[in-house]
Structure formats: C-alpha cells, structure tokens
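# Reading the structure
Chain by chain, the residues:
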Amino acid sequence: MPYRDRVRAELELAGLRRSFGSVVALDNLSFSVPSGQVVGFLGPNGAGKTTAMRAIFGLTDLDGGSVRWRGQSIGAEERRRFGYMPEERGLYPSMAVGEQIEYLGRLHGLSRSQAANSVRSWLERLDIGDRAASKVESLSHGNQQRVQLAAALVHDPEVLILDEPLAGLDPSGIDAIGAVLVERARTGCCVLFSSHQLDLVEDLCEAVTIIDHGRLVATGTVDELASSGPRRLAVRVEGDRDGAWAAAIPGARVSQVQGGEVRLVLESTTDSDTVLAAAQSAGRVIEFVFDRRRLSEVFREATAP
Amino acid sequence: MKAIPYAIFAALVVFAISRRLRRRRDQEKAGPPTRRDYLGSLLGHTGLVAQREVRERLRGRFFRVITLVLLAVVAAAIVIPTLHSGSKSSQTLGVVGTASPALRREVDRLARNESLTVHLVTVADLETARLQLSSGRLDLVINGTTSILVNKPISATDISAGAQLARSLAATLGVQQTFRAAGLSATQIAQITQAKALPIRSVQPESNRSTAQSTSLIGVILVFVMLTQYLTWTLMGVMEEKASRVVEVLLAAVKPIDLLGGKLLGIGLVALFQAGLVVAFALILAKAVGSDLLHGTAPLVVVATLIWLVLGYAFYSWVYAAAGSLTERQDQVQSLALPLSVPIIFGYIISLTAAGSGNASVLVKILAFLPPTAPFAVPTWVALGGIAWWELVFSAAISVVSTFGIARVAAAIYRRAVLRAGGRVRLRSLLAG
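Since the model is a prediction, treat every value here as computed from it, not as a measurement. (Residues numbered from 1 in each chain as written. Chains lettered and ligands numbered in written order. Predicted model: local features only at pLDDT ≥ 70, side-chain atom pairs only at ≥ 80, totals over all residues.)

## Let's talk about the domain arrangement of chain A
Residue and element names in this part refer to chain A. Per the domain assignment, the segments of chain A are domain 1 (3–226) and domain 2 (229–303). Centre-to-centre separation of domain 1 and domain 2, based on C-alpha positions: 36 Å. Counting from both sides, the interface comprises 14 residues of domain 1 and, opposite them, eight residues of domain 2. Of all the secondary-structure elements, those providing two or more residues to the side of domain 1 that touches domain 2 are helix 8 (198–204), strand 9 (207–212), strand 10 (215–221) and helix 9 (222–227). (Domains from an automatic or database assignment. Contact = placed C-beta atoms within 7 Å. Helix = DSSP H or I, 4+ residues; strand = E, 2+ residues; numbered from the N terminus.)

## A look at the sheet that holds strand 4 (residues 147–149) of chain B
Residue and element names in this part refer to chain B. Strand order in this open sheet of four strands is 2-1-3-4, and the pairing throughout is mixed. Looking at strand neighbours, the two that pair on one side only are strand 2 (117–123) and strand 4, the edges of this open sheet. Neighbour to neighbour, the strand axes of the sheet diverge by 25° on average, direction disregarded. Two strands pair when backbone bridges link them, and strand 3 (residues 140–143) and strand 4 are joined in this way by three bridges, in the antiparallel orientation. The residue of strand 4 that forms the bridge with Asn143 is Ser147. The sheet strands contacting helix 5 (residues 126–135) are strand 1 (90–96), strand 2, strand 3 and strand 4, and the helix crosses strand 1 at an angle near 160°. (Pairing = 2+ DSSP bridges. Axes fitted to C-alpha atoms, helices over the stretch in contact; angles between N-to-C directions.)

## Some details on the packing of helix 4 (residues 97–107) of chain A against helix 6 (residues 141–153) of chain A
Residue and element names in this part refer to chain A. Where helix 4 meets helix 6, the closest approach of the two axes is 8 Å, and the angle between their N-to-C directions is 30°. The angle between helix 4 and helix 6 falls in the class roughly parallel. Where helix 4 crosses over helix 6, the handedness of that crossing is right-handed. When helix 4 is examined against helix 6, the residues Val97, Ile101 and Leu104 are found in contact with a partner set consisting of Val147, Ala150 and Ala151. Counted by class, the contact of helix 4 with helix 6 contains six nonpolar, no polar and no charged residues. (Parallel < 35°, antiparallel > 145°, perpendicular 65-115°, else oblique. Left-handed = near helix turned anticlockwise from the far one by under 90°. Nonpolar A, V, L, I, M, F, W, Y, C, P; charged D, E, K, R; others polar.)

## Some remarks on unusual backbone geometry
All names here are of chain A. Here the phi dihedral of Asp127 falls at roughly 60°; this positive angle occurs in a residue that is not glycine. Among the structural elements, Asp127 can be located in the loop between helix 5 (112–125) and helix 6. For Asp127, a count of 13 C-beta atoms within 10 Å corresponds to the partly exposed category. Not every positive phi belongs to a glycine, and Glu164 is a case in point at roughly 55°. Tracing the chain through its elements places Glu164 in the loop between strand 7 (159–163) and helix 7 (171–186). (Buried ≥ 20, exposed ≤ 12 C-beta atoms within 10 Å, placed from the backbone.)

## Describing the pairing of strand 6 (residues 82–85) of chain A
All names here are of chain A. Residue alternation in strand 6 divides its side chains into two sets, Phe82 and Tyr84 and Gly83 and Met85, and both sets are buried. In terms of strand pairing, strand 6 meets strand 7 through four bridges, oriented parallel. The residue bridging Phe82 from the neighbouring strand is Val159, located in strand 7.

## A closer look at the pairing of strand 1 of chain B
Residue and element names in this part refer to chain B. Burial runs high along strand 1: five of the seven residues are buried. Two strands pair when backbone bridges link them, and strand 1 and strand 2 are joined in this way by seven bridges, in the parallel orientation. From the neighbouring strand, Leu93 faces strand 2, where its bridge partner is Leu120. Between the parallel pair strand 1 and strand 2, the chain is carried across by helix 4 (residues 101–113), and the sense of this crossover is right-handed. Both strand 1 and strand 3 contribute to a ladder of three bridges, which runs parallel. By the bridge assignment, Val95 is partnered in strand 3 with Ile142. (Right-handed = clockwise from strand over helix to strand, strands pointing away.)

## Description of the sheet that holds strand 3 (residues 38–42) of chain A
Residues and elements named next belong to chain A. Ordered in space as 6-7-8-3-9-10, the six strands form an open sheet in which the pairing is mixed. Each edge of the open sheet carries a strand with a single partner, namely strand 6 and strand 10. On average, adjacent strands in this sheet sit at an angle of 15° to one another, irrespective of strand direction. As defined by bridge partners, strand 7 adjoins strand 8 (residues 190–194) across five bridges and the pair is classed as parallel. Residue pairing in the sheet places Val159 in a bridge with Cys190 of strand 8. Each of strand 3, strand 7, strand 8 and strand 9 is contacted by helix 2 (residues 49–56), which is oriented at about 150° to strand 7, the strand it contacts most. Sitting on the sheet, helix 6 touches strand 6 and strand 7, and the angle it makes with strand 6 is about 160°.

## Observations regarding helix 12 (residues 330–357) of chain B
In an α-helix, one turn spans 3.6 residues, which is why side chains three or four residues apart end up on the same side. Residue and element names in this part refer to chain B. In a regular helix each residue adds 1.5 Å, so 28 residues correspond to 40 Å; helix 12 covers 39 Å between its end C-alpha atoms and thus fits that length. At Ser341, helix 12 is deflected by roughly 40°, the largest bend along its length, and proline Pro343 occurs up to four residues later in sequence. Listed as buried for helix 12 are Val333, Ile344, Gly347, Tyr348, Ile350, Ser351, Ala354 and Ala355. Of the residues trailing helix 12, Gly358 is marked for its positive phi of about 80°. (Expected span 1.5 Å × (residues − 1). Bend = angle between axes of the 7 residues up to and from the residue.)

## Quick look at the confidence of the model for chain B
Residues and elements named next belong to chain B. Per-residue confidence for chain B averages 81 on the pLDDT scale, and 82% of its residues sit at or above 70. Counting interchain partners and residues more than four positions distant, the pLDDT-below-50 stretch residues 30–34 has 11 contacts. We note a pTM of 0.72 for the whole complex and an ipTM of 0.82 for its interfaces. (pLDDT = per-residue confidence, 0-100.)

Pasting the structure below:
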C-alpha cells in the first residue's frame, strides 16, 4: 500500500494552486503530513516549498485548493496551535529574547504565566537559558536560530512547520535542533521541515515529500524511496578518484562519484559482471556492492528535467 | 519668582517618569518577564500588539528626548511672555526731596493701573538717587518736577509693567507741571487728571481673541510636530517589521488587521499620553506664572486641538502604515513619506498663517472639512471664532467616516504587500495579485 494511503494524514494540502503573474508557484499540489513523524520537504530552489508552507498559515492568497487539519478546513484558531519558523528569520532585533518569545507565546493564546514558564523551559532546553535578557541582535547566528525555534515551539504546537531550520548551523546546533524535532514528533506533533541538506534529512526524517515546479514528484518513507527504482552498484577502484572507467559502460549510468566511490544505476538487462570487468580494467577493485538509493539520488532523479 | 517651584516640580515629574521606565527596563534585564497585560486582557491580539508597541516606544530614548523638547518649548512659550510683561509685581520708587500726599496718591493710582504695588521712599539728593538706582535698591526715581530717572534706558518695545509705569508717570507729572504753570489750582488739576475717559464700545461682541490665537498657534505647531513624529514612527515601524521578517512570524498567529490595528493603537496611545502630558504641563505652568494663554476661549482651542490630533493621527496612520508595507529599505521610505506629507505641510502653513493674521479665510474653512487638513484648520477656526457647533460635528464625522474607508483600503494593501520581499512593491502589482 502506498505511503500516502497508509499513514493517518492529519495535515492535508489538497490541490493547492498559486501563480504570481506568469510564474506558477503551486500547480495543483497535494500531499499530507502524518502526526508522530518528521517529514522532510524537499525541492530545488523555486520549487514552491516556501509558498506551500506559507499557504498552511494563510500567508499567501491561493488561486485554488485548500489546507485541512484533521479533515476540517483551517482558520485562524487552528493556525494559532501551529508553530512556524520562516526561511528568513523573523525577530525584533532590539527586543530581549525572553520577552520576545513570551510575546509570541501570548499571541498564540498562552496565559502570561504559561508563556513565562514555557520561555524558561525552552530556552534551557536549547542551551540559551542565560541569554533571556540579551537582545536578539547581540546573539550569534546559531543562537538566533535557536531563539527562532523556541519562538515556534513556545506554545507547544500540534503542527510544526520549519523552513530551512538547519541552514547555517554548526554540527552542535544541528544536533540540538534535530533532537528537538525528533522529540516533538515522538510526542505526536506533525513536523514538516524543508532543507537542502539531504544527508541530514535522511538521518532525521521518517518520510519525505519532494516537489518540483509546484508539483508533487515523490513522496514516501525514506526506506521506501531508497529501496525503490533500478538496481545500483557502489564500486571503488584502488587509486582511482574520478571514475573515468565507468563513463562508457553500456546499460549503466554514473549517478555519483564521491571520494573515489562510483555509484552506478543499472538498467534491468545489464549484467553486473560487465561493470566488474570494466572496473578491474582500471585497477584493483576494493569495493563492489549493490546499494540502496541515497536520498540525494532520489532527489536528483525525481527532479531531473 | 513664583513660577520656579512649579517648573522644578514639573522637571522632577519628568525625571521620576524616566527613572521609573529605566528601572523597569533594568528589572526586566535582570529576571524573567513578569508584566501585566491590561490591553491584552481587554482587546485580545490587538491589545497585546498595542501593549508591546506602547512599552517599546516609551522605553525608547527618542520618546524621552522629544517629550522633554516639547515641554521645554511649551514652557518657553508660556513663561517668556510673562517675563516680558513685568519682571516684578512690586517696585520701590524714590522721590528726591519730599513726597507730597497728592504725589503719593497719583503714584499709587498709576501703579494700580499697571498691577504694581509701589513703595515710595524719599531720597536726600540726586547723587544718592543715582547710586541707589545703580545698586538696584530703587527701580525709579521722581526728580521733583523736572525728570524721571531710571537705571537703564527704556526701549520703545519694552511693554513691561515697570516701563509702562515710568512712561505714565512721566506723562502725568509733566501734564500736572504744565497745569500748575498755567495757573490752575490744585483742586482743578486733580479734577482734570482724574477725569474719566470716554468708553470705547465695539459693534462686535467682546472676545478674548488674541489669547485664543496664541493658544492656537502653539496648538497648530504641536499638532504638526506630534503628527509628523508619530506618523514617522508608524511608517518606520511597519517597514522595520517587514525588513526584519518578524511580520511573517506574527501573521502566522495574528490576523493582519489585528496586527496593524494594534500597532496603530499602541502608537496612538503613546501620542495621546505625550499630548496629555504636554497639555497638563502647560495648564499647570500657565496657572503658576499667571499666563493668560489659557483664558477666554483658549481652553476650547486646547480641546479642539486634542480631538483633531487624535482624528488626524487615526486618518493618517493607516495611510502611512500602508506605505510602510510597500518597502523594506530606509532610503525608499523617504521617497514614500514625501508625497504623503504634502497635505500635512499645506494644512499646517495655511492654518499657521491664518492664526497669525487673526482672520479665518475661506480656504481655512474649506480645509476644516477635509480630513487631511482638518487637524490644523479646525483648531485655528475655533480660535479665530465663528465656527458653529454643527460645523465641528460635521468635520469630525467626515474625518471618522473617511478614516474607516481609508483603513479598509490600507489594511488590504498592507496584507498583500507586507510579505513581499525584495524591492519596492508597486500598487499596480498588488492589484494584479
């Protein structure tokens, strides 16, 4: 049974259409996000990811389609229970961190004491508890990112929509924010986040949705997508870095050359012995394994022109 | 001077307010935020947004500086004229030789006309009189029937009570001397000098027009300064929220109309607070120094100024907010603000000219019914007299209705433009979707 039919969709984007003049940003885009999972939202630049995320919050006028939460059309009241981290970070530069997050918590419906407690809790959780009184503009990029995440989480949202939350972070920042996303999903939250860091998405997400030119091009669990498609081989020849030997093998296409490892996609009729012979002609073969698709390969193949 | 304690008191109040604000800010830095949100409880999201706006604006150094400048300007406008009209309420006058009872009566009468109390002393000779004038012990000396001596020359433009007393003494004593030389008896001279002048009666009813005019001049200038200040805040505030992208986070939780309405309400409350502070300060100071700036019809002018300041802010704030949402760059803000300020400057100049001339022209009367210029024209017309109550109500109604209309259009522009990043958003592109 396909992934989209198997999971219980809580947040549904149905037939979204949006054009800006002659540019089509969303072209009948439909997909759903289940609760309890971290879902990666992928697509090339200009694919329509940000427009789709904005549509969830009613931040862009749609030409058609709808966004539903648990089967119902969503309005301002439902959206107040969602958390959002936009691609371009948005905070008041000269306002104190704690005060600012408390304010956003109040706008999301928390009482004053609830907001104050939540601010303390999230700042501690994100290792910036000692910066509550600092102005946002005085923080490093990484800490500003953490503050932005705290702002999205302060009201304990049922849906978390994050546009490039990991961009520009150092490894410790990525680990901290990644751990929070997984933790939120485990508590039953819908987590959808976009990223161009496909290795990280592969590590963090149970499922991914890939769009291109405003249309859905692939969706499923990472495992399903990785194990689908034609056979592929990972071959490493001692001393070879560029994989030139693999360029002209009939029925095999080079999908990636990285660190001396050549990854090939085989047509159904291609014999792996042909590939092995070609590799051996270039030198001593030290790796020759059938492998799953990497997410980066899934992405490239799904968005290839 | 009896104004000094009041001025010190006013300065202490301002100092205490700024200190309290600073202490509150320090407390917030030191610990978790624990503020009360009165507006939030009352008005929901709009109130929360307004409350943040009020807090941030009151904390800003700019607000404190501009408030102090306004208070200083108002204080100067009230105190300086009273300083000019008389530095002392009592004076010590010297008489070389002896002071006859008739002279004492005449001096007392003339001093009362100038609201002065005089203390008359005799001086042995002219040299002693000169010395006592130089040392400041005497304000004026009557040198028999020959001359009046003062320490410094009295300029033609000096209208202080002391100068007026010197002039009237010189004129009266000179006339009496002439009468005596003509052979009139003391009784005849007294009859002539105490003769009552004929009353001057006007066809138009008496009014305290000049006082109200002065009040309206100050009012028009204050409205201009405050409107310009708060509308610039609105423009810059919306632009900065767009530039910092915080507006996207806010709009994910709050409707655009609530966000914009809260922002405008917050800045408006700060404006009202500042205007109230300035007016209260002006009233206290005017009372303390005995200024006539708030007498006669002037209180009506003050009330009209405050009402049309609020109406003017309400009207223009939506326009400026919509303009602020069209750009995210400071240099583009200048080019947006310039055309918007044209009706403000036009209304200001026309009203200022009318208030100065004392004549409510037809143009002022027309401008009083146009919402962009009414905040200047209406208080001026009230000060100059002749506006009927229904004209006031009609003008206010036009402003309120226009504000609702402009708010709808501005909110639509804001909603569409504020999330559009990049260069300046053209209105045509908004209409195209």
